[in-house]
Amino acid sequence: MFLRSFLRIGCLALLPLLAHAAEPASAASPRERLLMDAGWRFTLRDPAEVGTRFDIVEVSSLLKTYLDQYTGLPPLSPPAPDLGADVSYVAAGFDDSGWTEVQLPHDWVVGLPFGGQNHGGQDYLHGQKDIRRAEIGWYRRKFTLAPGDLRKTLWIEFDGVYRNSLVWLNGHCLGRERSGYASFWYDVSKYAVAGENTLVVRADIRHDEGWFYEGGGIYRHVWLVKAAPVHVAHWGTFVSSEVQGADATARIETTVENTASTPAACRVVSTLLDPEGKPVGAPVASEAQLDAGAAPTLVQQAPIPAVRLWSPETPALYTLLSQVEVGGRIVDEYRTPFGVRTLRFDPDQGFFLNGKRVEVLGTCNHQDHAGVGTAIPDRLQAWRLEQLQAMGSNACRTSHNAPTPELLADCDRLGILVMDENRRMDLLPDTLRDLANQIRRDRNHPSVFMWSLGNEEPMQGSDPGLKICTGLREVVRGLDTTRPCTVAMNGEWGKGFSKVLDVQGFNYLKNGDIDAFHQAFPAQPTIGTEEASAVSTRGIYVRDDARHHLTAYDDTAPPWGATAEAWWKFYTARPFLEGAFAWTGFDYRGEPTPYKDGYVSQFGILDLCGFPKDTYYYYQAWWTAKPMVHLLPHWNWAGKEGQPIRVVAYSNCAEVELFLNGQSLGRQPVPVNSHLEWQVPYAPGTLEARGYAKDAVAAVDKVETAGAPAALRLVPDRAAVAADGEDVAIVRVEALDAEGHPVPTADNAVEFKVEGGTLLGVGNGDPNSAEAEQAPRRHLFSGLAQILVRAPRQPGAITLRATSPKLEPAELVIDARAATPRPSVP
């Protein structure tokens, strides 16, 4: 039985640190993988001569798959090499000096003004960004190749382009990628020339793939790869393992490709390195005869004595060094981090990692952040995960699409489990191809512990839907049998999809009877693929519908959802459930809830800037072991003196005592998985909570009445950044009163000036703010704002100044330290 194999088989996974292909083994490696993020030119809209020649027939809605929507749909044929050859923007000699210079990742939609009119629902999906005149974007980049490069195999990799992209090199159309989430690549060897080359990309966002903000453009990295004709194929390595006691055995599959016109004999040498970079045993070698155009897969085995297992607590990463030799000379070499761990999914006891039961403490997340939209820089991607991990979360669901490769690499490094999710659910050839590529790209990450084939599809309980789900599962099974498949189902549990799922996914406990399902299907492992949907606004404690502001108390959830406390109590009482993923870790644009004419969904445990809402601390209380206590609300209630204020404490201590201005208001035992409340007559001053463990104070939190805003303060995520042109400083902006207390109600307008770095974007977490997101100004919201600053490529000081009328200005100096940038195309 497939699931029983998880009792015995672990996974050894290839972990790209910076992207989905492995990094070169050394500076002298014959293979080059060069970043192509800088030096692009961008403009909106097609030139007049394009007309409809680039259009393709698509289903009326890509958001969900319905039973009859593909009837009569013609197959998507590859574009002809001469498609668009006569279009001015495609021509190598076109003068693009008037276009805007941009650095990837780039999302053109986030920079658009607000002002949508809900035409066809698109503005609703795009968070009311006005995309009516900005649905097509063009990118151009020139780069130079040496004559010797033409003797190599050359390909260009795109980590993701939203969406329906066409790509040209030197006027030749390389292909089309319809998906906005798939990573893809093109072999450009036949069209590359010595000297200057021109790369052109067109993105078309007139169709939405999701019902949430999706942005537009080349919002992930682009790479140029130069390799010998005989090389490890693209996404061509897969390593699984079997753990036996304290040791493990690695099964290494390496696909070697010969793109030359003549046969070749090669030798593949695989060396395992431990987390310190020392060899693990002797290398293993295999020989092969390759016909021209052949790409055989070689299988090797290697022991790993005294194996160090990957887990959230100890995310140990080994390295696989792969070398391809031809004629006794190394012609291709790269190294790939990997991890070893075992998985078991038990229908009665839940999920086991390395033989230990692990509760999945997860969040669902879209790729969207204030100021940059979907174009999230690598450092910001890692920072977001760090905020979730500090809350106690150990898992992330990539809702509802393949993630950027860098997110998986960060999860590998940080020890965060990943439910890796597919976007489209149909059996069209390009859908199956994209899913297969997703599995090949991601199957070697130890963080990925489960594949999700889809989310809340309308045909989830039907026989035709079962056929589609079966087809997708077989694609996965053909490439990876070490992880189970699930689907996030919001009903009809036990029907349709359920018949072929390895793990049953539940979206919302109110959508069915989970206990009855477990009784009816006692052999089926189960997990909460989506829960909560509780809504709240950071720092607001009196609801204001006119401003689209909820309260930050854990009180409000839509009919299908549940508060944080309600869903968590349900799940933690049922050990057969493997855990669940809360909807959502962060607020996101589009799908505005509960205010349909708003800009932002307010489902997040953190807001759009990543500032924690109060519910963050409920999860932290019950998802972490370190003693903590958190008080809400703030203590600025002028005009309500003597009136009762609802005070809540979240804590994992045994008891909590509340003090107002030094006077005890009572000490209460903390109910497990719950919270404490008091009604406190308001008096200005200090409200303090003390958490006790065995009668000793183990944690303290306090809120103090603040005066009027008097000064600004800038707080960076780090004192120094790498001067590599990519690193990002994430800076919190706040107002202080004359005594240095944060002012939680401040809404002052703040102006910014950046020297020595690049302002990427600003935000404040207000779900109703229509301020420009890529401008040097922002109002504070509930006392806070955020500015994102990209580091330069030269060491020096980054100076950030913040000013506001009648407030003392703030200045912050961040050290941009000398660093070696990633290899890149000039």
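The structure under discussion appears in the preceding block.
All of these numbers come straight from a predicted model, not from anything done at the bench.

1. Some words on the overall build of the protein chain
A tally of regular secondary structure across the protein chain gives 8 helices and 48 strands. Here the C-alpha radius of gyration of the protein chain, 27 Å, is about what a compact globule of 826 residues would show, namely 28 Å. Along the first, second and third principal axes, the C-alpha atoms of the protein chain reach 90 × 60 × 55 Å. With 826 residues in all, the protein chain has 63% of them scored as buried. Sequence-distant contacts, at least 24 apart, represent 72% of the contacts inside the protein chain between residues at least 6 apart. Between the mean site of the 78 positive side-chain charges and the mean site of the 100 negative ones, the protein chain shows a separation of 2 Å.

2. Focus on the pattern of salt bridges
Inspection of the entire model under this criterion finds 57 salt bridges. Residue Arg-251 is joined to Glu-253 by a salt bridge in which the shortest nitrogen-to-oxygen separation is 2.6 Å. The exposure class assigned to Arg-251 is partly exposed, which follows from its relative accessible area of 33%. With a closest N to O distance of 3.1 Å, Arg-433 and Asp-434 form a salt bridge.

3. A look at the packing of helix H7 (residues 564-572) against helix H8 (residues 615-623)
Each pair of packed helices can be described by the angle between their axes along with the distance between the axes. Where H7 contacts H8, the two axes come as close as 10 Å, and the packing angle between them is 20 degrees. One way to sum up the angle between H7 and H8 is to call them roughly parallel. Crossing handedness for the pair H7 and H8: right-handed. When H7 is examined against H8, the residues Ala-564, Glu-565, Trp-567 and Trp-568 are found in contact with a partner set consisting of Thr-615, Tyr-618, Tyr-619, Trp-622 and Trp-623. When its residues are assigned to classes, the contact of H7 with H8 shows 7 nonpolar, 1 polar and 1 charged.

4. What to know about unusual backbone geometry
Leu-104 connects to Pro-105 through a cis peptide bond whose omega is 0 degrees. By secondary structure assignment, the location of Pro-105 is in the loop between strand S5 (100-102) and helix H1 (122-125). With an omega dihedral of -15 degrees, the bond running from Tyr-162 to Arg-163 counts as a cis peptide bond. With respect to the helices and strands, the residue Arg-163 is situated in the loop between strand S7 (153-158) and strand S8 (165-169). For Asn-170, which is not glycine, the phi dihedral falls at a positive 50 degrees. Within the fold, Asn-170 resides in the loop between S8 and strand S9 (172-177). In the Ramachandran plot, Ala-532 falls in the positive-phi region, its phi being about 80 degrees despite a non-glycine side chain. Relative to the helices and strands, Ala-532 resides in strand S29 (residues 526-532).

5. Some points on the pairing of strand S15 (residues 264-273)
Judged by how many residues are buried, S15 sits mostly within the fold: 8 of 10 residues are covered. Sheet analysis places S15 next to strand S16 (residues 284-290), joined by 7 bridges and oriented antiparallel. Bridge pairing links Arg-267 to Glu-287 in S16. Inspection of the sheet shows S15 paired to strand S18 (residues 318-326) by 7 bridges, in the antiparallel sense.

6. Concerning H8
Among the 9 residues of H8, 8 are classified as buried, and the element is accordingly described as predominantly covered. The complete set of buried residues in H8 reads Thr-615, Tyr-616, Tyr-618, Tyr-619, Gln-620, Ala-621, Trp-622 and Trp-623. Looking at the buried positions of H8, the neighbouring elements they touch are strand S23 (360-364), helix H2 (378-391), S29, H7, strand S30 (577-583) and strand S34 (644-651).

7. Things to note about the sheet that holds strand S37 (residues 676-681)
Within the open sheet, the 3 strands sit side by side as S33-S34-S37. Their pairing is antiparallel. Both edges of this open sheet fall to strand S33 (629-632) and S37, since each of them pairs with a single strand only. For this sheet the average axis-to-axis angle between neighbouring strands, irrespective of direction, equals 25 degrees. Relative to S34, S33 runs antiparallel, the two being bridged by 4 bridges. Across the sheet, residue Leu-631 finds its bridge partner in S34, namely Ala-649. Where H8 meets the sheet, it contacts S33 and S34, and its direction lies at approximately 35 degrees from that of S34.

Cut-offs and rules
- Residues numbered from 1 in each chain as written.
- Predicted model: local features only at pLDDT ≥ 70, side-chain atom pairs only at ≥ 80, totals over all residues.
- Heavy atoms only, no water.
- Helix = DSSP H or I, 4+ residues; strand = E, 2+ residues; numbered from the N terminus.
- Rg over C-alpha atoms; globule rule 2.2 N^0.38 Å.
- Buried < 20%, exposed > 50% of the residue type's maximum accessible area, 1.4 Å probe, protein only.
- Contact = heavy atoms within 4.5 Å.
- Lys, Arg positive; Asp, Glu negative; His and termini not counted.
- Charge placed at Lys NZ, Arg CZ, Asp CG, Glu CD.
- Salt bridge = Lys/Arg side-chain N within 4 Å of Asp/Glu carboxyl O.
- Axes fitted to C-alpha atoms, helices over the stretch in contact; angles between N-to-C directions.
- Parallel < 35°, antiparallel > 145°, perpendicular 65-115°, else oblique.
- Left-handed = near helix turned anticlockwise from the far one by under 90°.
- Nonpolar A, V, L, I, M, F, W, Y, C, P; charged D, E, K, R; others polar.
- Pairing = 2+ DSSP bridges.

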